[in-house]
Structure formats: structure tokens, C-alpha cells
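Structural features, examined
This is what each chain is made of:
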Amino acid sequence: MSPRILLESRDLVKRFGGITATDHVTFSLPEGARHALIGPNGAGKTTFINLLSGVLTPTSGEIFLDGANVTHWSARKRAHAGLARTFQINQLFADLTPIETLMLTIAEREGEGSSWWRPVGARTDFVDEAVALLAQLGISDIAHARVGQLAYGKQRLLEIAVALAQKPKVLLLDEPAAGVPEHEREQILDVVAALPKDVALILIEHDMHLVFRFAKSISVLVNGGLFVEGTPDEIANDPRVRQVYLGEEEVHV
Amino acid sequence: MSNITSPSPEAMRARAVLLGRSRWGVAEIIFWILAVACYWLFPTKLSLLSEIAILGLVALSVDLVLGYAGIVTLGQGAFFGIGAYAAGLAAKFGMGTSLWSDPVIGLFIGGGVAAVIGFATSFLVLRGSDMTRLMVTLGVALIVDEVVNQMKWLTGGSDGLQGVLPSAVLGIWEFDLFGRVAFVYSLVVLFVLFVIARALVKSPFGLSLQAIKGNMLRTRAIGMPVNARLVAVYTVAAFYAGVAGALAAQTTQFASPDYVAFHRSADAMLMLVFGGAGHLYGGLLGSIIFRTMQDVLGNITPQYWQFWLGVTLVALVLFVRGGILGLLDNMLAAWRRKGGAS
Ligand SMILES: Nc1ncnc2c1ncn2[C@@H]1O[C@H](COP(=O)(O)OP(=O)(O)OP(=O)(O)O)[C@@H](O)[C@H]1O
Ligand SMILES: [Mg+2]
């Protein structure tokens, strides 16, 4: 039996004025996938994630999440259907603490986000879950600090923690280690590698060492279109991929 | 993993920290004791104090929308006026005897009508930038102002609504000439609504408002129904402003176009910024200072009190972010740092 497809795009197109940022992308992501999405700057990787997650609406084409046509669903509805993402540029709540951020996310997941008569923290099971998540990402020490004052690397880890708190079926990671100092990158990628097996993952990443360590399959996006798809070996040995990256970075395993 | 039934020390600490935030602080308790003590401390200033409580309630309403959810609004004055006229008309047609004249029922009428109109217009503020929100809320306020002035047969037009005769509060306490009942009544209503607002902002709902203010893109990504939350808080805030208006109409036994005037909204926002937005107490402190300054400076320099108010405000905004409470916060933090170092 072939694995269940959790996320799918069919002939997806997104145009910004004259620019075609997503160019007829047909793509599918099976259960438990460890998929890397690579491509040069401006290739349309983030736009593709924005389309999948409902931040942008496509010009044409369709998107399916676990079998349902979600093309016209809001980001909120997709989140409740099991899709989570992180952002290339941190999108956090600067005035809250990490623990509050996670409490909020868990409450929203459990449909308790509008409860107004009990204080945050009354649901001790939520607190325990948030604390465990922070521990899982190795950021227990900053649980009660103001997010806006955290070091950049810690904020990147919190980005991932928020997405995990959603208990997603599909998780889209847009350059989770971008802008993080070398020694902290490892920590973030270890976290990514240790994510639950059944979650289908897409990772966007420019660092080829990390990509080849993580991915079981890779797509290369160029000028908005899917250029090639394959196993890490196939991609590493594809002369066309080398050419795309020529002058940018050597591709090697 | 070793022990699933008992929470870890971190979890215990997190529970304590999170729940600790909704515990009543000493400063808070002192604030309310002082507010009650005013009854005996300033027996000749009770109507001024009632007015401060009412202004504080409007500022609290603005705080819910602006301080917590980050939605700028110049419409709160309109809800205040709507509440005042609704409760005023109810009391007038109740002739001081029927249930329509009951003050507490009047509060619900004033707040309720304001909430309905708040709900209906909330959809206008969901979209757009701060600037469009300012314009839209201001527009609603101007429409209400115009309607009140035009519907002379109902509102008395520019002469105001005469003959507002609320009956005794809970059928027991008649409004007196010295404003004693009015003050106690206003303070109790303010306190009750404050306690509810306090619970609200410290709940998951309140946290979600702060999150919306912080980053709307992320709130949507985690599956939050942002629009529903904004509609809810805008409606609640309209109710609060409406109740404040009802209080004003009942305690002054009058309602005039001045109650819906644009400056009400601006004043309320001024008080909030003055005291510090997003603290609940900011609006209350702001209204105390604003109205006291108006009274004191108004006696010294009747013509120029607004000038001095303006100077103070500009200084506050320039030199301290977050109003008086922001200033206190900074001082407290500096004091703690010093204490920690020694
Ligand atoms: N909101 C927008 N409006 C107009 N053009 C946009 C918008 N978002 C993206 N683009 C354009 O679409 C193209 C793809 O951008 P995108 O951010 O998706 O690339 P990317 O692959 O994520 O790049 P990077 O590796 O630098 O993150 C670029 O040419 C970009 O300028
Ligand atoms: Mg990108």
C-alpha cells in the first residue's frame, strides 16, 4: 500500500504583478516525509509555503490537506486541520513570555482560547505540556523571560516550539536556522531531526550539509517552478542542480 | 519520564508564575481602599469623584480595545453617549416610578444598546490600518453626534434630555443632593466591571488579545479566530462605555449632546495614554489625574488649564513610554536591579 498523502498541491500558480513566484507547482507530501525544499534566493520557496499555509491565496491551482480541498480555507482553518509552520523571519509575541506563548497556542488547539473566566495557568495540564515542550527544545531557562528580549537563536527555537505545540500532522519549516550563529545551528537541526516520526516535514534550508543530513527526499525550486525532485543522492549527482547553484555553493554530500 | 504523576519543579514554578499574575497585589488593594476612603476624605467633592469614576470606566473601556487588543479607536465617546441617552430616556419614560426608571436596569439598557451598536460597527474596524480605524471610529462617533442633534423630538436636541428621573438604587437609596449615593453607586459599578475586566485580561481570552496586538500573522497561523476575538472585545468595550454613559445620565439626571461629543473619545484616550495603556489601572489613574488637573488648574488659570495638561502630556510621552504606570514600572525595575546588586 502506498503511504497516505498528507499535503498536495496541483498546478499551483502565484503571480505578483509581473512576477510568477510560484509556477505550476504540482507536489505531494506523504505521511512521515522528511522533505527538503531548496533553491536559490528568490526562487519562490517562502511563497510556496505561504500558499500552502493560507497566508497567500493562489492565482490558480489547488491545495489538498489530508484529502480535503483547502484551497480557499483560511490559515486558521488549516491550522486546526493539522498544518503548522514556522516563519523565515520570526513572527513571535514580543511582549509575552515563551510559556505564555505556548499556553496560548495549546489553548487555541484545544478550543479553549476564548475562555475568559479562568486565569491562564488554571489548566495545569496545559502548563505541564508547555513546560515539557520548552524542555524538549532546551529552552527551559528562558520560560519566563520577555520574548522580545531573547537572543535570536532562542527565538528561532521558540518558533519551532510554537509550531510543535499545535501538534501538527504537517509541519513546514522555513529556514529554521537562518541567521543563527554556527554553534547554535546544530542544536536547532537536532531538534528538527528529533521531531515526531509520523509528522510530515518540509524543511527549507540553504546549508547543504544540513539538508543532506536531514532529507529523505528533495525538491529544487527555480524561478517559481519545480526544477527537479529526487533522493538526496540523485539531487547531489544531478549536473543541472550543480549548474543552478553554480557560483552560489558547491553541492556535495 | 521517571515520574508522570507528579509535575516537575519547572512545571510547579510555571504554574505558580502564571497563576500568580492573577493574584491581587498590595498596591491594588490599597488603591481600592483609598477609592472607598474618598467618601470620607472628600465629602464636598463627591460629584467630582463620581465623575472621575465614570471617566475611569470609559478609559477602562478604551484600554480593553487599545491597550490590550491594540485597536485604535475614537468611538468610545459615541458608545458613552448612546448609553447615556438610552438610560436617560428609559428613566424619563419610567417617570421615576416604573421599572424603566430603575438605575440598575438602566445600566443594562445603556450598556446593552451600546453593545448592540458596538457589535454592529465592530466589523468596520476588523480590516485596515490604524489610520482607517481612527477614521471609521471617528466617523461612527460623528454620525451618532449628528443623530442625537437631529432627533430633537426624542433627545431634546441641543437643549439636552431633561427630566431624567431614575428611581432609588435597588429601590432603597434615593439619589441625594450631596452626591453620596451617586458616588457609592458609581464606585461599586466601576469596581464590579473592573473585576470582570481584570478576569478577562488575565484569562486565555485576554492573552489572545495581547497576542493579536503583538503579531496578527502568527495568531492566525496558530489557528486563532482573530476576527471573532476582536468583535468580542469591541462589543464588551462598547458595553462598558455604554454603562459609563448610563451612570453619567443617572447621576447627573441629564444627557446632552456634549455626552456624545467627539472630545469625549479623545479625552478618554488621553487619560489612558496618560496613565499607561495595557495595565487596567492606567485609565483609572489617568482619569483621576486628568480630572483633578482640570479642577485645580481650572481654578488657577481657567483659560489655560488645557495648555498645562498638554505640556504635561507631551513631557510624559517624550520622556517616559507607557504613561505614569510605565514610569512606575521603570522605577520599580531600577530599584529591583539596585537591590539585587547589593
Ligand atoms: N508579497 C510579495 N509581493 C511581491 N513580490 C513578492 C512578494 N513575496 C515574494 N515576492 C517575490 O516573489 C519571488 C519569490 O520570493 P520568495 O520569498 O518566495 O523566495 P524564497 O525562495 O523564499 O527566497 P529566500 O531564499 O531569499 O528566502 C521573489 O522575486 C520576491 O521578490
Ligand atoms: Mg524565503
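In the block above lies the structure referred to throughout.
About the cut-offs
- Residues numbered from 1 in each chain as written.
- Chains lettered and ligands numbered in written order.
- Predicted model: local features only at pLDDT ≥ 70, side-chain atom pairs only at ≥ 80, totals over all residues.
- Heavy atoms only, no water.
- Axes fitted to C-alpha atoms, helices over the stretch in contact; angles between N-to-C directions.
- Helix = DSSP H or I, 4+ residues; strand = E, 2+ residues; numbered from the N terminus.
- Parallel < 35°, antiparallel > 145°, perpendicular 65-115°, else oblique.
- Left-handed = near helix turned anticlockwise from the far one by under 90°.
- Contact = heavy atoms within 4.5 Å.
- Nonpolar A, V, L, I, M, F, W, Y, C, P; charged D, E, K, R; others polar.
- Donors = N, O, S within 2.8 Å, 3.2 Å for Na, K, Ca; no water.
- Buried < 20%, exposed > 50% of the residue type's maximum accessible area, 1.4 Å probe, protein only.
- 1 Å grid on protein atoms, 1.4 Å probe; cavity = no way out; pocket = protein on both sides within 12 Å on 5 of 7 lines; lining within 4 Å.
- Points joined across faces, edges and corners; volume = space filled by probe spheres on them.
- Patch = residues over 30% accessible without salt bridge, like charges linked within 9 Å, V, L, I, M, F, W, Y side chains within 5 Å.
- Areas by Shrake-Rupley, 256 points an atom, 1.4 Å probe, with all protein chains shown as cover.
- Salt bridge = Lys/Arg side-chain N within 4 Å of Asp/Glu carboxyl O.
- Buried area = accessible area lost by both parts, 1.4 Å probe.
- Polar contact = N/O pair within 3.5 Å; in protein donor to acceptor, adjacent residues only side chain to side chain.
- Pairing = 2+ DSSP bridges.
- Core = buried A, V, L, I, M, F, W, Y, C linked by side-chain atoms within 4.5 Å.

Take the packing of helix H3 (residues 98-109) of chain A against helix H9 (residues 204-214) of chain B next. One can describe the packing of H3 of chain A onto H9 of chain B by two numbers: an axis separation of 10 Å at closest approach and a directional angle of 115°. Classified by the angle between their axes, H3 of chain A and H9 of chain B sit roughly perpendicular to one another. Between H3 of chain A and H9 of chain B the crossing geometry is left-handed. Across the interface between the two elements, Glu-100, Leu-104 and Glu-108 of chain A from H3 of chain A touch Pro-204, Leu-207, Ser-208 and Ala-211 of chain B from H9 of chain B. By residue class, the composition of the contact of H3 of chain A with H9 of chain B is 4 nonpolar, 1 polar and 2 charged.

On to the coordination of the magnesium ion (ligand 2), then. All names here are of chain A. Around the magnesium ion (ligand 2), the protein contributes the donor atoms Thr-46 (OG1) and Gln-88 (OE1), which lie 1.9 to 2.1 Å from the metal centre. One end of the pair, Thr-46, is in helix H1 (residues 45-53); the other, Gln-88, is in the loop between strand S6 (83-85) and H3, with 42 residues separating them in the sequence. Residue classification places Thr-46 among the partly exposed residues on the basis of a relative accessible area of 25%. Since its relative accessible area comes to 30%, Gln-88 is described here as partly exposed.

Let's shift gears to empty space enclosed by the protein. Using the criterion set out here, one finds 3 cavities of 30 Å³ or more in the structure. As for the largest cavity, its lining consists of 14 residues, of which Ala-107, Val-120, Gly-121 and Phe-126 of chain A together with Pro-204 of chain B are closest to the centre. Every element with two or more residues in the lining of the largest cavity is listed here: H3 of chain A together with H9 of chain B. By residue number, the principal contributor to the lining of the largest cavity is H3 of chain A, which donates 3 residues. Partitioned by chemical class, the residues of the lining of the largest cavity number 9 nonpolar, 2 polar and 3 charged. Roughly 40 Å³ of volume is contained in the second largest cavity. Taken together, Ser-53, Ala-75, Arg-78, Ala-79, Leu-83, Ala-84 and Arg-85 of chain A together with Ala-221 of chain B make up the lining of the second largest cavity. Of all the elements in the fold, those that place two or more residues in the lining of the second largest cavity are helix H2 (75-80) and S6 of chain A. Considering only residue class, the lining of the second largest cavity consists of 5 nonpolar, 1 polar and 2 charged.

In this section: the environment of Leu-210 of chain A. Residues and elements named next belong to chain A. Mapped onto the fold, Leu-210 is located in helix H7 (residues 208-214). Once the C-alpha coordinates of Leu-210 and Leu-189 are considered, the two residues, 21 residues apart in sequence, prove to be 7.3 Å apart. With near-sequence residues (within four places) excluded, Leu-210 lies in contact with Arg-185, Leu-189 and Glu-205.

Residues Trp-116 and Trp-117 of chain A together with Val-184, Val-188, Val-192 and Ile-196 of chain B make up a contiguous nonpolar surface patch of about 560 Å² in total accessible area. Structurally, the position occupied by Trp-116 of chain A is in the loop between H3 and helix H4 (124-136). Trp-116 of chain A sits in the partly exposed class, given a relative accessible area of 39%.

Here the focus is unusual backbone geometry. Both trends apply: most residues other than glycine have a negative phi, and most peptide bonds are in trans. Positive phi is not limited to glycine here, since Glu-175 of chain A has a value of about 45°. Looking at where Glu-175 of chain A falls in the secondary structure, it is placed in the loop between strand S7 (170-174) and helix H6 (182-193). Using a relative accessible area of 9% as the deciding quantity, one classes Glu-175 of chain A as buried. At Leu-280 of chain B, a residue that is not glycine, the phi angle is positive and equals roughly 70°. The residue Leu-280 of chain B is located in the loop between helix H12 (262-275) and helix H13 (281-300) in this model.

With that settled, the discussion passes to the interface of chain A and chain B. Each partner contributes residues to the interface: chain A has 37 residues there, and chain B has 35 residues. Taking both sides of the interface into account, the surface hidden between chain A and chain B amounts to around 3200 Å²; carbon and sulfur atoms contribute 67%. Here Glu-159 of chain A and Arg-218 of chain B are joined by a salt bridge, their closest N and O atoms 2.5 Å apart. Viewed at the interface, chain B and chain A are joined by 14 residue pairs in polar contact (both at pLDDT 80 or more). Breaking the side of chain A that touches chain B down by element, the ones donating at least two residues are H2, H3, H4 and helix H5 (152-165) of chain A. The dominant element in the side of chain A that touches chain B, judged by the number of residues it contributes, is H3 of chain A, at 6 residues.

Attention shifts here to the sheet that holds strand S1 (residues 5-16) of chain A. Residue and element names in this part refer to chain A. Taken in spatial order, the 4 strands line up as S2-S1-S4-S5 in an open sheet, and their pairing is antiparallel. The open sheet terminates on both sides in strands that have one partner only, identified here as strand S2 (19-30) and strand S5 (68-69). Of the strand pairs in this sheet, strand S4 (residues 60-65) and S5 are connected by 2 bridges, and their pairing is antiparallel. Bridge pairing links Leu-65 to Ala-68 in S5. Running at roughly 120° to S1, H1 makes contact with S1, S2 and S4 of the sheet.

One finds Leu-102, Leu-171, Ile-218 and Val-220 of chain A together with Trp-32 and Leu-57 of chain B to be the most contacted residues of the largest nonpolar core, which totals 149 residues. When residues of this core are assigned to their parent elements, the largest contribution, 15 residues, is made by helix H11 (residues 226-252) of chain B. With sequence-adjacent residues up to four places away left out, Leu-57 of chain B is seen in contact with Leu-190, Leu-193, Tyr-240, Val-243, Ala-244 and Leu-247 of chain B. Of all hydrophobic cores here, the second largest spans 24 residues; its members include Leu-37, Val-170, Leu-172 and Ile-204 of chain A.

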